[in-house]
Amino acid sequence: MTDTSAKKRLLAIIELGGYPNFADLYRQAGFEVATVTSVRKALALLKQSAPEVIVAEFNFQSDFRDRTSSLESLLAVIQRSPQTQVIVFYDREHAHQFEKLRSRFRIADALPYPVDATRLSERLKEIAAATQSVDRGSLR
């Protein structure tokens, strides 16, 4: 029998920030939170286990030769974990570049800056309710 009281896991990738710390909101939605400051560190954690949710930033980088941002690398890896939902924060100024990325990868939701905390909370609660708790190891 599966323990339905087990917390679901959320990985927050905060590279640039500039928005409120949503850790309390994530916990209120029923998630155990792990935070990293780079996609590289997130990729290392994903080798151990896949969280139910990843919240990340789309930071457009025009100097990349073969991709638009480091988020692209993360999305490519996470495609192998269809149970993981990805929520992306993005700048409206880069919406066009983000939509190109979004057309190629599975993204559960995208929220422009300033991030609407109510919408984020509602979306996380929907994901938490729809996701059955599965033991896949710890993100610590």
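Read on for an overview of the structure. Everything numeric here is computed off the predicted structure, so don't read it as measured data. (Residues numbered from 1 in each chain as written. Predicted model: local features only at pLDDT ≥ 70, side-chain atom pairs only at ≥ 80, totals over all residues. Heavy atoms only, no water.)

### What about the pattern of salt bridges?
Between side chains of opposite charge, pairing is possible as soon as their charged atoms come close.
At step 1: Overall, the coordinates contain seven salt bridges when judged by the stated rule.
At step 2: Between arginine 9 and glutamate 52 there is a salt bridge, and its shortest N-O distance comes to 3.8 Å. Placement of arginine 9 in strand β1 (residues 8-13) and of glutamate 52 in the loop between α2 (39-46) and β3 (53-58) is noted, with a sequence separation of 43 residues between them.
At step 3: For the salt bridge of glutamate 99 with arginine 102, the shortest nitrogen-to-oxygen distance reads 3.9 Å. Of this pair, glutamate 99 and arginine 102 both sit in helix α4 (residues 95-104), separated by three residues, roughly a single helical turn. (Salt bridge = Lys/Arg side-chain N within 4 Å of Asp/Glu carboxyl O. Helix = DSSP H or I, 4+ residues; strand = E, 2+ residues; numbered from the N terminus.)

### A word on the nonpolar core
At step 1: Ranked by internal contacts, the top residues of the largest apolar core, which has 23 residues, are Leu11, Ile13, Ile54, Leu71, Leu74, Leu75 and Phe98.
At step 2: Secondary-structure elements contributing two or more residues to this core are β1, β2 (31-36), α2, β3, α3 (71-78), β4 (85-90) and α4.
At step 3: Core analysis: the next-biggest nonpolar cluster, separate from the first, contains 18 residues, Leu10, Val55, Phe89 and Leu111 among them. (Core = buried A, V, L, I, M, F, W, Y, C linked by side-chain atoms within 4.5 Å. Buried < 20%, exposed > 50% of the residue type's maximum accessible area, 1.4 Å probe, protein only.)

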